[in-house]
Number of protein chains: 2
Amino acid sequence: MPVDSKTELTQYVSDSRQGYEADLKTLVDLAGVSMDPERKAEILRTADCAVSLIKRMGGEAEIVQTNGNPVVIGGFVSDKSAPTVLVYNHLDVQPADADEWKSQPFSMSVDGDTYRGRGSTDDKGPALAVLYAAAYAHKNKIAVNVKFVWELEEEIGSPNFEEFLKQNKEKLACDSVVISDTIWVSRERPAIPYGLRGLQGVLLKLKTGNKDVHSGLTGGLARNPIAELCQLIDQCHDAKTGKVNIPGFYDGAREPSDEEASQFVKSGFSIDGFKKAHELISLRTDDAKDGSLRIWAKPTFEVHGISGGYQGPGVKTIVPYQAEAKISMRLVSDQDPEKVFQAFSKFVKEKAPDVIIEKEGSLKPFLGEFKGPFADAAVGAMKDAFGVEPAFTREGGSIGAVVSMKEVLGKPIVFLGLSLPEHGYHAVNENFDWQQASGGIKMFVAYFGRLAKIK
Amino acid sequence: MPVDSKTELTQYVSDSRQGYEADLKTLVDLAGVSMDPERKAEILRTADCAVSLIKRMGGEAEIVQTNGNPVVIGGFVSDKSAPTVLVYNHLDVQPADADEWKSQPFSMSVDGDTYRGRGSTDDKGPALAVLYAAAYAHKNKIAVNVKFVWELEEEIGSPNFEEFLKQNKEKLACDSVVISDTIWVSRERPAIPYGLRGLQGVLLKLKTGNKDVHSGLTGGLARNPIAELCQLIDQCHDAKTGKVNIPGFYDGAREPSDEEASQFVKSGFSIDGFKKAHELISLRTDDAKDGSLRIWAKPTFEVHGISGGYQGPGVKTIVPYQAEAKISMRLVSDQDPEKVFQAFSKFVKEKAPDVIIEKEGSLKPFLGEFKGPFADAAVGAMKDAFGVEPAFTREGGSIGAVVSMKEVLGKPIVFLGLSLPEHGYHAVNENFDWQQASGGIKMFVAYFGRLAKIK
């Protein structure tokens, strides 16, 4: 990029700070929790707000209805002969328990360069960076068309997104796709992930009575649904090693190549850094290679919570009458969520016939390429903006929309994320910061510039 | 009892109904939850209220301080040459979650003969029946002195009661003791239990981080404290059979004699009746003998709840950073709670070295006699009042005060309870009823009359 335009871009970014922060606050303050049916109105307000934002920046935007939450689409499309890139973000967020936060999760606070609030990094902050970059590219006549797709059901596994893509294929026509909802290895080490884990969520429910009963009066004879679910969970997997004991669970799971595994280690992933970023005291392994494989390339069996019984202080000596275990399994290519669910169901039915199994969100794993012109453009844009060569890694999380976009749109997909481990995805005190936002605007401008030159 | 006094007593009971109901409401409306430190003021108000009630009925009463909650003592002591009986009840109650109740747990509702509210059957209703009976006995010059001991820490395992007994031995001097805090086999079948299970409560805590983290980002590498506690719980016992796998756990546990076991079966205990009373759908056994042994004569390992992680609707894909398992073990004679705790701690330390073990309430099991003059008087009084011969059973629950009274006072102990299985001890919609209250007043009057004749 010539010095003039670099200076100009730097000035643009600097001038944009106040507007960016105000817009981010407007978005974060809307508690669009897709998991909570009572927040539906705030989901709809988020969509309206997003359309207004894009239009105010000079773009086109509209709300597209689906069988679930709507999707916002928009963009800056001016040059029909130029290549078109479709950038995916999402604006729905995880729930947040205000009691556990330093500040109100749904009232963004600005603390120096830090923006704290639910959705700030996942994924409202990055979405806004894309918008500010696209507006700049448009104004400066970079020969690329940018389209936005802002989903509002990502946190519940994108149940209607594939159908939305099929219904709106023409509007979404593009030459390549960017997903902007991923996390770097560390602040010093940008990352371009090329794989995602899939997911199969399940609820296990067991009801053995109609009310909690006295453990003195009934204990020994009454069944204990919490204890029985504990037993079942222990039969499913070894909690210490993470090894899953369900026959057929690992079917199709590909081991990463030696080259990939060595890239993971070279990415800068470290056990200490990981512990610090996630505030974890101890891990299942202290070996960096094993650690990176565990989060990026291996499937899991995870218990998110067991509800039922007594949750208050001390010990209340009841026998619970019902219990629910909240479980999900992360999956890697080429595990098939449906087959995993079948294997799981068969195992549960054998071990605990009267446990009710409810299927929750299901996402296929994704494994892309990490070579080619789009990957090269992404590497270049990250170096331009942040001065550092990114690592090729994978993501341990799941973005259901990615598999759908691959299948429906059939275009190359590149991941350009801005979040950092310490931003606290899905955690309390989630935050984003101006360093990543401002670098992000520059990165997307650089990426659009490089796209314009791809034949 | 001569016909005259029978008629007179019937009239007294009938005349007392309005006052009894008003007094029970006054007591139930005081939410003296001993487990909840924030309810301390209501515990103290309960004590004040109890003293007023006894004095209004013509007795003497005072509040005795302890290192914990106070104890109310009182009675009708007039004839120094007559035998003295000490009757134990407690006025503290279990917590109650108003959302789950048909009516407010701490505002007693009267529905025909039924009194619904927390503490109505456990143990405020029976305490008031004793008070009304003692007032009658006093007025009618039955040659017996009745002393009341109303504890306010029973539901937290009577941590200060033994010290209270030692400090107040003279005031509590008596010839025999009645415990009035137990449950019949069914409404048609009064029961005199002669054994109680002991208890050892424990909390298991595991903390592996400082906040919940994203299971995509960290799952597989982060430890899962809920899953690890599930594993540990499964190692401790078989949830399906109830068998405990902790070495040394069963040391000292006496098998009941064939005579006792056959009494249990003859008591009228039935699997169907038990299921119905406790609203249980299925049990660990459908055999009545096995069932009665399980609740009355065998120790247990019970999980009351697992806190930590996500408890809301659906699946939130976090890895929890901490978990707490709330556990208690019911014990039978001659298991020693301290030895059981040591065996448990050793086992946990071997299997899960970084799990923190916190000792909760501890109660020794109790096994008394079911023959002799006091047992005979109890049988007679129950027949007088309810027209049915009571069964000798045991209680599966624990009353810490009993072992202390046996050890400190050294007098014969008889159990005269009034609660029914369907009254819902420790459960939602706890209730008591006029049939048991009115029969109870008659029963205690009859018992006092029979005591007066024991040489």
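Engineer: What am I meant to see in the overall build of chain A here?
Structural biologist: Helices and strands together make up the secondary structure of chain A, namely 13 helices and 18 strands. Against the globule reference of 23 Å for 455 residues, chain A gives a C-alpha radius of gyration of 23 Å, in line with a compact fold. Here the C-alpha coordinates of chain A stretch approximately 80 × 45 × 45 Å along the principal axes. Put simply, chain A has 455 residues, and 58% of those count as buried. A fraction of 79% describes how many contacts in chain A between residues 6 or more apart in sequence connect residues 24 or more apart.

Engineer: Please explain the interface of chain A and chain B as it appears in this structure.
Structural biologist: How big an interface is tends to be expressed through the accessible area that disappears when the partners come together. Between chain A and chain B, the contact holds 78 residues from the first and 77 residues from the second. With seven residues, the top contributor of residues to the side of chain A that touches chain B is helix 6 (residues 225-236) of chain A. The residue makeup of the side of chain A that touches chain B, split by class, is 28 nonpolar, 32 polar and 18 charged.

Engineer: I would appreciate a short explanation of the sheet that holds strand 4 (residues 109-111) of chain A in the present structure.
Structural biologist: Within a sheet, each strand pairs with its neighbour through backbone hydrogen bonds, oriented either parallel or antiparallel. Residue and element names in this part refer to chain A. If you trace the three strands from one edge of the open sheet to the other, you get 4-5-18, paired in antiparallel fashion. The two strands at the open ends of the sheet, each matched to only one other strand, are strand 4 and strand 18 (431-433). Looking at each pair of strands side by side, their axes are set apart by 25° on average, direction ignored. In terms of strand pairing, strand 5 (residues 114-116) meets strand 18 through three bridges, oriented antiparallel. Bridge pairing in strand 18 places Thr114 opposite Asp433.

Engineer: Looking at this structure, I do not really get the pairing of strand 1 (residues 60-64) of chain A. What am I missing?
Structural biologist: All names here are of chain A. Alignment of strand 1 against strand 2 (residues 71-76), held across five bridges, turns out to be antiparallel. Considered in strand 2, the bridge of Glu62 is made with Ile73. Turn length for the strand 1-strand 2 hairpin, with the two strands adjacent in sequence and antiparallel, is six residues.

Engineer: I tried to follow the environment of Lys243(B) on my own but got confused; where do I start?
Structural biologist: Residues and elements named next belong to chain B. Structurally, Lys243 can be placed in the loop between helix 6 (225-236) and helix 7 (258-266). Residue Lys243 is classed as exposed on the basis of its 11 C-beta neighbours within 10 Å. When the C-alpha atoms of Lys243 and Ser328 are compared, they prove to be 14 Å apart, with 85 residues separating the residues in sequence. Lys243 has contacts with His237 and Asp238, leaving out every residue within four places of it along the chain.

Engineer: What should I look at first to understand unusual backbone geometry in this one?
Structural biologist: With glycine set apart, most residues show a phi of negative sign, and most peptide bonds adopt trans. Residue and element names in this part refer to chain B. A cis geometry characterises the amide bond from Asp122 onward to Asp123, with omega recorded as 15°. Following the sequence through the fold, Asp123 ends up in helix 3 (residues 120-139). Of the consecutive residues Ser333 and Asp334, the connecting peptide bond is found in the cis state with omega at 0°. Along the chain, Asp334 falls in the loop between strand 13 (322-331) and helix 10 (337-351).

Engineer: Please clarify how the sheet that holds strand 17 (residues 413-415) of chain A should be interpreted in this entry.
Structural biologist: All names here are of chain A. Strand order in this open sheet of six strands is 1-2-6-3-7-17, and the pairing throughout is mixed. The open sheet has two edge strands with one neighbour each: strand 1 and strand 17. Taking the axes of each pair of neighbouring strands and ignoring which way they run, one obtains an average angle of 20° across the sheet. Note: strand 7 (residues 176-179) against strand 17, three bridges, orientation parallel. Following the sheet pairing, Val177 is matched in strand 17 by Ile413. Helix 2 (residues 40-56) contacts strand 1, strand 2 and strand 6 (145-151) of the sheet and is inclined by roughly 165° relative to strand 1. Packed onto the sheet, helix 3 (residues 120-139) meets strand 2, strand 3 (84-90) and strand 6 and runs at close to 155° relative to strand 3.

Engineer: Honestly, the relation of the copies chain A and chain B in this entry has me stumped. Any pointers?
Structural biologist: In this arrangement, two copies of a chain are superimposed by a rotation about an axis accompanied by a shift along the axis. For the pair chain A and chain B, the relating rotation is 180°, the translation along its axis is 0.0 Å, and the fit reaches an RMSD of 0.1 Å. On the angle and the small slide along the axis, the relation comes out as a two-fold axis. Residue Cys230(A), judged by its C-alpha, is the member of chain A lying nearest the rotation axis, at 2.2 Å. An overlap of 99% is found between the interface residues of chain A and their copies at the interface of chain B, pointing to a shared contact surface.

Engineer: Would you mind showing me how to read the environment of Glu62(B) here?
Structural biologist: Residues and elements named next belong to chain B. Note on placement: Glu62 falls in strand 1 (residues 60-64). Residue Glu62 is classed as partly exposed on the basis of its C-beta count, with 14 C-beta atoms lying within 10 Å. In the structure, Glu62 is positioned twelve residues away from Gly74 in sequence and 6.2 Å away in space, judged by C-alpha atoms. Excluding residues within four positions of it along the chain, Glu62 makes contact with Val51, Ile73 and Gly74.

Engineer: What's the story with the domain arrangement of chain A in this structure? I'm lost.
Structural biologist: All names here are of chain A. When cut into domains, chain A gives domain 1 (3-196 + 365-453) and domain 2 (198-253 + 299-361). Put simply, the middle of domain 1 and the middle of domain 2, counted by C-alpha atoms, are 35 Å apart. Facing seven residues of domain 1, the contacting portion of domain 2 comprises eight residues. Across the side of domain 1 that touches domain 2, the residue classes tally to three nonpolar, four polar and no charged.

Engineer: Would you mind showing me how to read the packing of helix 11 (residues 373-386) of chain A against helix 13 (residues 434-453) of chain A here?
Structural biologist: A pair of packed helices is captured by two measures, namely the crossing angle of their axes and the spacing between those axes. All names here are of chain A. The geometry of helix 11 relative to helix 13 is characterised by a closest axis approach of 8 Å and an angle of 140° between their N-to-C directions. Between helix 11 and helix 13, the angle falls in the class oblique. Viewed along their axes, helix 11 and helix 13 form a crossing whose handedness is right-handed. Across from Ala377, Ala378, Gly380, Ala381, Met382, Asp384, Ala385 and Phe386 in helix 11, the residues of helix 13 making contact are Gly439, Lys442, Met443, Ala446, Tyr447, Arg450 and Leu451. Split by residue class, the contact of helix 11 with helix 13 holds ten nonpolar, two polar and three charged.

Engineer: Would you mind going over helix 8 (residues 271-278) of chain A with me for this structure?
Structural biologist: Along an α-helix, residues three or four positions apart point the same way, because every turn accommodates 3.6 residues. Residue and element names in this part refer to chain A. For helix 8, the full list of buried residues reads Phe274, Ala277 and His278. Relative to the axis of helix 8, the buried residues are bounded by an arc of 80° and lie together on one face. Taken from the residues just after helix 8, Glu279 is the one with a positive phi, measuring 55°.

Engineer: How should I be thinking about the confidence of the model for chain A in this particular structure?
Structural biologist: The predicted structure's coordinates, where accompanied by low pLDDT, should not be read in detail. Looking at chain A, pLDDT values average 95 and 99% of them are 70 or higher. ipTM for the predicted complex: 0.79, alongside a pTM of 0.78.

Engineer: In this structure, what is going on with the pairing of strand 6 (residues 145-151) of chain B? I would like to understand it.
Structural biologist: Look at any regular strand and the pattern is simple: side chains alternate between the two faces of the sheet. Residue and element names in this part refer to chain B. Among the seven residues in strand 6, seven count as buried, and that is most of the element. Neither face of strand 6 is exposed, since Asn145, Lys147, Val149 and Glu151 on one face and Val146, Phe148 and Trp150 on the opposite face are all buried. Looking at chain direction, strand 2 (residues 71-76) and strand 6 are connected through five bridges and run antiparallel. The residue bridging Val72 from the neighbouring strand is Trp150, located in strand 6.

Criteria and thresholds
- Residues numbered from 1 in each chain as written.
- Chains lettered and ligands numbered in written order.
- Predicted model: local features only at pLDDT ≥ 70, side-chain atom pairs only at ≥ 80, totals over all residues.
- Helix = DSSP H or I, 4+ residues; strand = E, 2+ residues; numbered from the N terminus.
- Rg over C-alpha atoms; globule rule 2.2 N^0.38 Å.
- Buried ≥ 20, exposed ≤ 12 C-beta atoms within 10 Å, placed from the backbone.
- Contact = placed C-beta atoms within 7 Å.
- Nonpolar A, V, L, I, M, F, W, Y, C, P; charged D, E, K, R; others polar.
- Pairing = 2+ DSSP bridges.
- Axes fitted to C-alpha atoms, helices over the stretch in contact; angles between N-to-C directions.
- Least-squares fit on C-alpha atoms with pLDDT ≥ 70 in both.
- Domains from an automatic or database assignment.
- Parallel < 35°, antiparallel > 145°, perpendicular 65-115°, else oblique.
- Left-handed = near helix turned anticlockwise from the far one by under 90°.
- Arc of directions from axis to C-beta.
- pLDDT = per-residue confidence, 0-100.

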